[in-house]
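# Tertiary structure, described
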Amino acid sequence: MTASIIDGKDFAARVRAKVADNVTTLKEQHGLTPGLAVVLVGEDPASQVYVRSKGKLTVEVGMASFEHKLEADTSEADLLALIAKLNADPEIHGILVQLPLPEHLDSDLVINSIDPAKDVDGFHISNVGLLGTGQKSMVPCTPLGCLMMLRDHHGSLSGMNAVVVGRSNIVGKPMAQLLLGDSCTVTIAHSRSKDLPAICRGADILVAAVGRPEMIPGDWVKPGATVIDVGINRIERDGKTKLVGDVHFDSAAQVAGAITPVPGGVGPMTIACLLANTVTAACRAHGLPEPEGLTA
Ligand code: GUN
């Protein structure tokens, strides 16, 4: 069998178009422009690339983009003061503090100082708790993107065996909660799980989020399964730098029913979902109905 490719680049463009439609309606009918503030501390090159890309796409869908670039040695007090100001600003509906933060800053403290209603990353402890108890929350962007692609591909996920490989707070744990919310039978596995190949072979839906290049080969994949590869790993091969996922694509694509490529799979969905979350936050802040198809 050769898997069908789930095209995340195309899907993300459709999500952004839907976000743009919602923004137009909010502006025309309610005089409301959703605003997203991104805070970057220091000069991590990868973070700078992400932040530039976020700013560009925010403007492209018609939203207001606010960027705050702070020196690497910014004090915790100054960062918390900026977040307090953004929390109080009615023009700002979403706040994202780019991670990782420099070591002298306490990431948990900083994230938990964001107003949960504006926490478009879904990392605030209140949002984590709300998601875990099946209540309305802000949902982390990458798992939300994976869920959207799975729903689009399968329709209902009810009763399917889902295996999430990886237990991070940003992807693995919220992904498992979302799949449980859609009535999957969920296993969270990780690099220390006993007999990981056998666990993976039981998956109708296999989500790989371990951060190890090409760790999951095709013979760990159940024939016909849907494979969602969250990994983005930079490797050197044949003297060139290459991006690969956590799944060995060529062998997995021979077995799976559908698979996301790297690049062009889950990656582009993360920013699309950040924009979707910002529209959702703006609607909630103004007591308006939530945008359809853009939430969990
Ligand atoms: N760094 C890499 N990805 C992310 C993300 O999704 N959110 C934040 N805040 N920082 C990141």
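Structure first, text after, so check above.
Moving on, we come to the site of the ligand. If you check the shell around the ligand, you find L96, V97, Q98, L99, D121 and F123 and nothing else. One of the backbone nitrogen or oxygen atoms of V97 is found 2.8 Å away from a nitrogen atom of the ligand. Within the backbone of L99, an N or O atom sits 2.8 Å from a nitrogen atom of the ligand. Here the ligand loses 79% of its free accessible area of 280 Å² to cover by the protein chains. Of the residues belonging to the shell around the ligand, the class tally is four nonpolar, one polar and one charged.

Structurally, D204 is set in the loop between helix 8 (196-201) and strand 7 (205-208). With near-sequence residues (within four places) excluded, D204 lies in contact with M160, N161, K222, A225 and T226.

With that out of the way, let us pick up the pairing of strand 9 (residues 233-237). Where strand 9 meets strand 10 (residues 240-244), five bridges bridge the pair, whose relative direction is antiparallel. Looking across to strand 10, one finds that R234 is bridged to L243.

Here we come to the nonpolar core. Counting 57 residues, the largest nonpolar core has V19 and L179 as the members making the most contacts within it. Where this core is concerned, the elements lending two or more residues are helix 1 (8-30), strand 2 (35-41), helix 2 (45-60), helix 6 (141-154), strand 5 (161-165), helix 7 (172-181), strand 7 and helix 10 (267-285). Counting residues per element, this core draws most heavily on helix 10, which supplies eleven residues. Setting aside residues up to four positions removed in sequence, V19 forms contacts with V61, A272, L275, A276, V279 and L294. With 20 residues, the next largest nonpolar core counts A189, C200, A203 and A208 among its residues.

Turning next to the packing of helix 1 against helix 6. Where helix 1 meets helix 6, the closest approach of the two axes is 11 Å, and the angle between their N-to-C directions is 100 degrees. In terms of axis orientation, helix 1 runs roughly perpendicular to helix 6. Residues G8, F11, R14 and V15 of helix 1 form the contact with helix 6, whose participating residues are M148, M149 and D152. Of the residues in the contact of helix 1 with helix 6, the class split is four nonpolar, one polar and two charged.

This brings us to the sheet that holds strand 4 (residues 94-97). Read from one edge to the other, the open sheet built from three strands follows the order 3-2-4, with strand pairing classed as parallel. Each edge of the open sheet carries a strand with a single partner, namely strand 3 (64-70) and strand 4. Within this sheet the neighbouring strands show an average axis-to-axis angle of 15 degrees, counted without direction. Across seven bridges, strand 2 lies against strand 3 in parallel orientation. Within strand 3, the position partnered with L36 by the bridge is S65. In the packing of helix 2 onto the sheet, contacts are made with strand 2, strand 3 and strand 4, and the angle to strand 3 comes to roughly 160 degrees.

With that out of the way, let us pick up the state of the cysteines. By the definition in use, this model includes zero disulfides. A disulfide-free cysteine, C146 has its sulfur positioned 8.5 Å from the sulfur of C273, the nearest such atom. As a non-bridged cysteine, C273 has C141 as the owner of its nearest cysteine sulfur, 6.4 Å distant. Residue C273 is classed as buried on the basis of its relative accessible area of 0%.

Turning our attention to helix 1. Between its first and last C-alpha, helix 1 extends 32 Å over 23 residues, near the 33 Å set by a 1.5 Å rise per residue. Taken as a whole, helix 1 has its buried residues at G8, F11, A12, V15, R16, V19, V23 and L26. For helix 1, the elements touching its buried residues are helix 2, helix 6 and helix 10. A distance of 3.1 Å separates the backbone nitrogen of K9 from a side-chain oxygen at the start of helix 1, and that oxygen is part of D7. In the stretch just after helix 1, G31 is the one whose phi turns positive, near 60 degrees.

Along strand 5, four of the five residues are buried, which leaves the element largely enclosed by surrounding structure. In terms of strand pairing, strand 5 meets strand 6 (residues 185-189) through five bridges, oriented parallel. Counted as the bridge partner of V165 is A189 from strand 6. Regarding topology, helix 7 serves as the crossover connection from strand 5 to the parallel strand 6, and that connection is right-handed. Of the pairings in the sheet, the one linking strand 5 to strand 7 comprises four bridges and is parallel in character. Of the residues in strand 7, the one forming a bridge with A162 is I205.

About the criteria used
- Residues numbered from 1 in each chain as written.
- Predicted model: local features only at pLDDT ≥ 70, side-chain atom pairs only at ≥ 80, totals over all residues.
- Heavy atoms only, no water.
- Near = heavy atom within 4 Å.
- Polar contact = N/O pair within 3.5 Å; in protein donor to acceptor, adjacent residues only side chain to side chain.
- Areas by Shrake-Rupley, 256 points an atom, 1.4 Å probe, with all protein chains shown as cover.
- Nonpolar A, V, L, I, M, F, W, Y, C, P; charged D, E, K, R; others polar.
- Helix = DSSP H or I, 4+ residues; strand = E, 2+ residues; numbered from the N terminus.
- Contact = heavy atoms within 4.5 Å.
- Pairing = 2+ DSSP bridges.
- Core = buried A, V, L, I, M, F, W, Y, C linked by side-chain atoms within 4.5 Å.
- Buried < 20%, exposed > 50% of the residue type's maximum accessible area, 1.4 Å probe, protein only.
- Axes fitted to C-alpha atoms, helices over the stretch in contact; angles between N-to-C directions.
- Parallel < 35°, antiparallel > 145°, perpendicular 65-115°, else oblique.
- Disulfide = S-S within 2.5 Å.
- Expected span 1.5 Å × (residues − 1).
- Right-handed = clockwise from strand over helix to strand, strands pointing away.

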